[in-house]
2 protein chains.
Amino acid sequence: MDFIKNRRSVRRFAARPVEEGLLRSLLEEAERTQTMGNLQLYSVVVTRSDEMKRRLAPCHFNQPMVTGAPVVLTFCADYHRTSEWCRCRQADPGYDNFLSFLNAATDALLYCQTFCTLAEAAGLGLCFLGTTVYRPQDIIDTLRLPQLVFPVATITLGWPDEAPAQTDRLPLSAILHEETYQPVTPQTIDRDYAAKEALPENLEFQRINHKATLAQIFTDIRYTRRDCESMSQGLLDALRRQGFLS
Amino acid sequence: MDFIKNRRSVRRFAARPVEEGLLRSLLEEAERTQTMGNLQLYSVVVTRSDEMKRRLAPCHFNQPMVTGAPVVLTFCADYHRTSEWCRCRQADPGYDNFLSFLNAATDALLYCQTFCTLAEAAGLGLCFLGTTVYRPQDIIDTLRLPQLVFPVATITLGWPDEAPAQTDRLPLSAILHEETYQPVTPQTIDRDYAAKEALPENLEFQRINHKATLAQIFTDIRYTRRDCESMSQGLLDALRRQGFLS
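What this report covers is the structure whose coordinates are included nearby. (Residues numbered from 1 in each chain as written. Chains lettered and ligands numbered in written order. Predicted model: local features only at pLDDT ≥ 70, side-chain atom pairs only at ≥ 80, totals over all residues.)

With that out of the way, let us pick up the sheet that holds strand β5 (residues 176-178) of chain B. Across the sheet, five strands lie side by side as β3(A)-β4(A)-β2(A)-β1(A)-β5(B); this open sheet has mixed pairing. At either margin of the open sheet sits one strand with a lone partner, and together these are β3 (125-129) of chain A together with β5 of chain B. Pairwise comparison of adjacent strand axes, ignoring direction, gives a mean angle of 25° for this sheet. Of the pairings in the sheet, the one linking strand β1 (residues 42-47) of chain A to strand β2 (residues 71-78) of chain A comprises six bridges and is antiparallel in character. (Pairing = 2+ DSSP bridges. Helix = DSSP H or I, 4+ residues; strand = E, 2+ residues; numbered from the N terminus. Axes fitted to C-alpha atoms, helices over the stretch in contact; angles between N-to-C directions.)

In structure tokens form, the structure reads like this:
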């Protein structure tokens, strides 16, 4: 499993296409992922056409990977198919609620991550677009997602045309808690964040953005309170429109 | 990656302990998973003590794996540590909102699934407990999770003491959509669910529960509207108490 140790996100892709047979076999193999009640509460929309990529791009703030990747995959929490199955089988589905959204989102994200592992093991490169939940209604409209289907992850996929440096990670002490959650203190923060804050690329990032600390890059520029709160509202509105907050 | 093709959930574990060094190396390796802005918005609480397992068990409806597994791992969406980092660094965090919950839950679930893959590759067996989001407040209280930490997945982990039969999966046609979401119709339902419905174990399950269809097992017994709606309310209340729905 050394490819996991060595993984990095890939944002530039070779012109070489991703064969349909390979893609299907990876998507199918990923179905072995554990799933709630074996219901498989997810679906995947595959985007290969240039026109659909152009229409998806603004939903992802025009990140160039959307039009630059051979394949874009949108992983959706999906209680629509299961509910239709129930209706076709004299059963009354009661899944238009928030718990069911979180159940389906969980299924979709676990499935997505197994797919990513399999794709990277096959030599493909990918970038996970966190923007999927920033403007979900635009994605819902573009991909024509019906009630009880909600996009939770997007992967841009292709054969790598770059070998980027690996990014840092926090030491295990930052994320691991024994028996109960242990207090986060100024001392544990210093212990766990010092190496990250000392990285030349982060110091440079701070300098060009005129910020006193790396954390301010996140709070003042990348993920501001104002953006988070406004996008939270859009996200909740979209959940309501898709039938998951009745 | 044949172990993924052959995977099954394991609910009975050998007495052999899971070595601390192995567990830590798997948790650390899984940190290579992509994460939003490289913030790693997750944490893991490791339960090894019998007393804590006994206290966690009712949160998971007393499923026997909780006390029967050598290790229980609770994966949490965590914006607490990151927010504390910001406060220690003269930055004002604005992550007490629903978008930030979904971002952190996504990070935690992707990380969890990479961990599961690595653990299974190492020969360990595990069962993913979907019950984590059914009574989250009890888990929050038991594990003493602070504001902006929320449990999203639980894994019972150990060396397998059983080799259960593999469960079925839907054909790829059920989950794959080209370019836009394709209509789910009575015809596609028949095409995609016929094999599952014809399985002897599902027919037997129907018979002993006196149900006319397999779907009714889910709507009338396993995941009823009444339970889903009541647990949705508890879930939203817990999210509010943890500060993610301000």
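Turning to unusual backbone geometry, a few remarks are in order. Positive phi is not limited to glycine here, since Asn38(A) has a value of about 55°. Tracing the backbone shows Asn38(A) in the loop between α2 (20-29) and β1. A positive phi angle, close to 70°, is found at Glu179(B), a residue other than glycine. Residue classification places Glu179(B) among the partly exposed positions, given that 14 C-beta atoms sit within 10 Å. (Buried ≥ 20, exposed ≤ 12 C-beta atoms within 10 Å, placed from the backbone.)

On to helix α8 (residues 186-198) of chain B, then. Residues spaced three or four apart along an α-helix point in a common direction, a consequence of the helix completing one turn every 3.6 residues. Between its terminal C-alpha atoms α8(B) stretches 17 Å, which fits the 18 Å expected from 13 residues at 1.5 Å a residue. At Asp192(B), α8(B) shows its maximal bend, which comes to roughly 45°. (Expected span 1.5 Å × (residues − 1). Bend = angle between axes of the 7 residues up to and from the residue.)

Here we come to the sheet that holds strand β2 (residues 71-78) of chain B. Ordered in space as β5(A)-β1(B)-β2(B)-β4(B)-β3(B), the five strands form an open sheet in which the pairing is mixed. Of all the strands in the sheet, the pair left with one neighbour each is β5 (176-178) of chain A together with β3 (125-129) of chain B. When strand polarity is set aside, the average angle formed by the axes of neighbouring strands in this sheet is 25°. Here three bridges tie β5(A) to strand β1 (residues 42-47) of chain B, and the two strands are oriented parallel to one another. Counted as the bridge partner of Glu178(A) is Val46(B) from β1(B). In the packing of helix α7 (residues 136-143) of chain B onto the sheet, contacts are made with β1, β2 and β4 (149-158) of chain B, and the angle to β4(B) comes to roughly 80°. (Contact = placed C-beta atoms within 7 Å.)

The next subject is the interface of chain B and chain A. Counting from both sides, the interface comprises 91 residues of chain B and, opposite them, 91 residues of chain A. Counting residues per element, the side of chain B that touches chain A draws most heavily on helix α6 (residues 98-121) of chain B, at 13 residues. Tallied by class, the residues present in the side of chain B that touches chain A amount to 46 nonpolar, 27 polar and 18 charged. (Nonpolar A, V, L, I, M, F, W, Y, C, P; charged D, E, K, R; others polar.)

Let us look at the pairing of β4(B). All names here are of chain B. Burial within β4 is extensive, with ten of its ten residues counted as buried. Bridging between β2 and β4 involves eight bridges; their strand directions are antiparallel. Bridge pairing links Val72 to Thr156 in β4. Bridge count between β3 and β4: five bridges; the pairing is antiparallel. Following the sheet pairing, Cys127 is matched in β4 by Thr156.

As a further point, take the relation of the copies chain B and chain A. Expressed as a screw transformation, the operator carrying chain B onto chain A has a rotation angle of 180° and an axial translation of 0.0 Å, and the superposed copies differ by an RMSD of 0.0 Å. Given the turn and translation reported, the copies of this chain are related as if by a two-fold rotation axis. Both copies share a contact surface, since 100% of the interface residues of chain B are interface residues in chain A too. (Least-squares fit on C-alpha atoms with pLDDT ≥ 70 in both.)

One finds Ala108(A) and Ala108(B) to be the most contacted residues of the largest nonpolar core, which totals 150 residues. Once you skip the residues sitting within four places of it in the chain, Ala108(B) turns out to touch Tyr42(B), Phe75(B), Cys76(B), Ala77(B), Val152(B) and Ala153(B). (Core = buried A, V, L, I, M, F, W, Y, C linked by C-beta atoms within 7 Å.)

Burial analysis of β3(A) places five of its five residues in the buried class, which makes it a mostly covered element. The alternating pattern of β3(A) places Gly125(A), Cys127(A) and Leu129(A) on one face and Leu126(A) and Phe128(A) on the opposite face, and all of these are buried.

Before going further, it helps to spend a moment on the packing of helix α7 (residues 136-143) of chain A against helix α11 (residues 225-241) of chain A. Residues and elements named next belong to chain A. It is at 8 Å that the axes of α7 and α11 come closest, and there the two elements cross at 40°. Contact with α7, carried on its side by Pro136, Gln137 and Ile140, involves Gly234, Leu235, Ala238 and Arg241 of α11 and no other residues of that element. Its residues assigned to classes, the contact of α7 with α11 shows four nonpolar, two polar and one charged.

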